[in-house]
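Architecture and fold: a report
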Amino acid sequence: MLTRIPKTEVRRGMYVEAVECPVVSFGRRRFILESDDELAEILKSPADYVLINTARGAVGSALAKGAATEQMRPPLSPEQARSEAAATVARSTKILKAELIGLVTGDPFDLASIKPVVEEITQADDQTSSFFFEVTRLKHKDETTFQHSLAVSILMGKLGDALDLDFETVELLIVAGLLHDIGKLTIATGILQKQGSLTVSERATIKSHPRRGHRILKSHSAIPEEVLEICLHHHESLDGRGYPSRLAGADINQLVRICTVCDVFDALTSIRPYKQGWSAGKALGWMFERNNQFDRKLVLRLGAIIKS
């Protein structure tokens, strides 16, 4: 389990995921803290907090006491766990909706405003993440874009973990998942939720959402470049037939490919008022057969996560 603690509580034997320096990178991440010199280096850093993984290293006394208290509580039943997951998803959707609408309407934006949502995802264990995703599969008509973004974010974080990417990159993927479809908020609901065939003009309008989103995000200096790139290129295809830039093969980086796979998987498996979602197996099989479009290795890894 990932836990954020003040740097003054860090002790030897802990597994450090990240030393959260505010401006410059600490230079090391994902390591067992073994020496007094390493501890002194953390204490002298500008960080206030350190993220540790209690499943892979020692636990501080205060955390251990809290863990002992936690163990004394009866475990949640699947129904209770789903209920808690639903409450968390509702809370996260509300935060995300307010912040994305604010971004579109030109309000000032600080990444800290979506930090509670990012933390809910990064600190969730595998079972909780599965419940989060299960809850988001049923997309409510007025919340579709926000719940889709939340689901994609959850999947991107889990896939990043499975690929053993460092914590900062996983957190970046989660943020990108939350923001990747913001351009859709500038498109008329009648087009986005149209149940019949789209006209040529309507299809072109929908395909404009990556550029629209990129333009919105680019106006905020707090948005990392990697998030901008994911927003702009998450509908590119390995065969060069995607949009908006017709990138192909090696021109599409791993982080963008991760978003593409998670984005399409959630779209295929989502249940909406006008369609039934595909099963996970059918969606993964369909994507795997189209290795000219999707990174097959990522599809396989996502399949392993979904089935675990």
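Since this is a predicted model, take the numbers as computed values, not measurements.

What follows is about the overall build of the protein. Of regular secondary structure, the protein possesses 14 helices and four strands. C-alpha extents for the protein along the principal axes are approximately 65 × 45 × 40 Å. Sorting the 308 residues of the protein into buried and exposed places 44% on the buried side. Pairs at least 24 apart in sequence give 67% of the contacts found in the protein among residues at least 6 apart.

Further remarks concern the confidence of the model for the protein. When pLDDT drops low, the exact placement of atoms in the prediction is not to be read closely. The pLDDT averaged across the protein works out to 87; a share of 92% of its residues lies at or above 70. Least confident of the elements in the protein is helix α2 (residues 61–72), whose mean pLDDT is 49; most confident is helix α11 (residues 225–233), at 98. Low pLDDT, under 50, characterises residues 67–72; the predicted model gives this stretch zero contacts beyond four residues in sequence or across chains.

Time to look at the nonpolar core. Core analysis: the biggest nonpolar cluster contains 60 residues, and Met156, Leu217 and Ile258 have the highest contact counts within it. The dominant element in this core, judged by the number of residues it contributes, is helix α12 (residues 254–269), at nine residues. In this structure, Ile258 is in contact with Met156, Leu159, Leu163, Leu165, Leu173 and Leu298, ignoring residues within four places of it in sequence. Core analysis: the second largest hydrophobic core is formed by 14 residues, Val16, Ile42, Val50 and Ile52 among them.

Take the packing of aromatic side chains next. For the coordinates displayed, the defined rule picks out two aromatic pairs. The interplanar angle of 75° and the centroid separation of 5.9 Å between the aromatic rings of Trp278 and Trp286 together place this pair among those described as edge-to-face. On the accessibility criterion, Trp278 (27% relative accessible area) is partly exposed. Its relative accessible area of 27% is what places Trp286 among the partly exposed residues. Centroid distance Trp286 to Phe294: 6.1 Å. Interplanar angle 55°. Geometry classified as tilted. For Lys282, the ring lying beneath its charged end belongs to Trp278, and the centroid distance is 4.4 Å. Arg296 extends its terminal NZ or CZ atom over the ring of Phe288, reaching a point 4.0 Å from the ring centre.

With that out of the way, let us pick up the pairing of strand β2 (residues 15–19). The element β2 is extensively covered by neighbouring structure, given that five of its five residues are classed as buried. Sheet topology note: the β2/strand β3 (residues 29–32) ladder contains three bridges and is antiparallel. Its bridge partner lying in β3, Val16 is registered against Phe31. Bridge count between β2 and strand β4 (residues 49–53): three bridges; the pairing is antiparallel. Directly across from Val16, in β4, lies its bridge partner Ile52.

What follows deals with the packing of helix α3 (residues 78–104) against helix α6 (residues 144–162). Relative orientation and spacing of two packed helices are given, respectively, by the angle between their axes and the distance between those axes. At a closest axis distance of 9 Å, the pairing of α3 and α6 adopts a crossing angle of 115°. As summarised for this structure, α3 and α6 are arranged roughly perpendicular, according to the angle between their axes. Of the two possible hands of crossing, α3 and α6 adopt the one that is right-handed. For the pair formed by α3 and α6, the contact residues are Val89, Ser92, Thr93, Leu96, Lys97, Leu100 and Ile101 on the first element and Phe146, Gln147, Ser149 and Leu150 on the second. Of the residues assigned to the contact of α3 with α6, the class counts are six nonpolar, four polar and one charged.

Each turn of an α-helix holds 3.6 residues, which means side chains three or four residues apart point in the same direction. Over its 19 residues, α6 extends 27 Å from the first C-alpha to the last, a length consistent with the 27 Å expected when each residue adds 1.5 Å. Of all 19 residues that make up α6, 17 are buried, and the element is covered over most of its length. The positive-phi residue at the C-terminal boundary of α6 is Asp164, with phi of around 60°.

What follows is about a positive patch on the surface. Residues Arg203, Lys207, Arg241 and Arg246 make up a contiguous surface patch of positive charge. Within the element layout of this structure, Arg246 appears in the loop between α11 and α12. Residue classification places Arg246 among the exposed residues on the basis of a relative accessible area of 56%.

What follows covers the state of the cysteines. Applying the stated criterion to the full structure yields zero disulfides. Considering cysteine sulfurs only, Cys259 is the nearest to Cys231, which forms no disulfide, with 8.7 Å between them. Accessibility expressed as a relative area gives 0% for Cys231, which makes it buried.

The linkage connecting Tyr243 with the following residue, Pro244, adopts the cis geometry, with an omega of 10°. Residue placement: Pro244 occurs in the loop between α11 and α12. Located in the positive-phi region is Asp164, a residue other than glycine, with phi close to 60°. Relative to the helices and strands, Asp164 is located in the loop between α6 and α7 (167–179). Although it is not a glycine, Arg246 sits at a positive phi angle of roughly 55°.

Each value, and the rule that gives it
- Residues numbered from 1 in each chain as written.
- Predicted model: local features only at pLDDT ≥ 70, side-chain atom pairs only at ≥ 80, totals over all residues.
- Heavy atoms only, no water.
- Helix = DSSP H or I, 4+ residues; strand = E, 2+ residues; numbered from the N terminus.
- Buried < 20%, exposed > 50% of the residue type's maximum accessible area, 1.4 Å probe, protein only.
- Contact = heavy atoms within 4.5 Å.
- pLDDT = per-residue confidence, 0-100.
- Core = buried A, V, L, I, M, F, W, Y, C linked by side-chain atoms within 4.5 Å.
- Phe/Tyr/Trp six-rings, centres within 6.5 Å; stacked < 30°, edge-to-face > 60°.
- Lys NZ or Arg CZ within 6 Å of the ring centre and 35° of its normal.
- Pairing = 2+ DSSP bridges.
- Axes fitted to C-alpha atoms, helices over the stretch in contact; angles between N-to-C directions.
- Parallel < 35°, antiparallel > 145°, perpendicular 65-115°, else oblique.
- Left-handed = near helix turned anticlockwise from the far one by under 90°.
- Nonpolar A, V, L, I, M, F, W, Y, C, P; charged D, E, K, R; others polar.
- Expected span 1.5 Å × (residues − 1).
- Patch = residues over 30% accessible without salt bridge, like charges linked within 9 Å, V, L, I, M, F, W, Y side chains within 5 Å.
- Areas by Shrake-Rupley, 256 points an atom, 1.4 Å probe, with all protein chains shown as cover.
- Salt bridge = Lys/Arg side-chain N within 4 Å of Asp/Glu carboxyl O.
- Lys, Arg positive; Asp, Glu negative; His and termini not counted.
- Charge placed at Lys NZ, Arg CZ, Asp CG, Glu CD.
- Disulfide = S-S within 2.5 Å.

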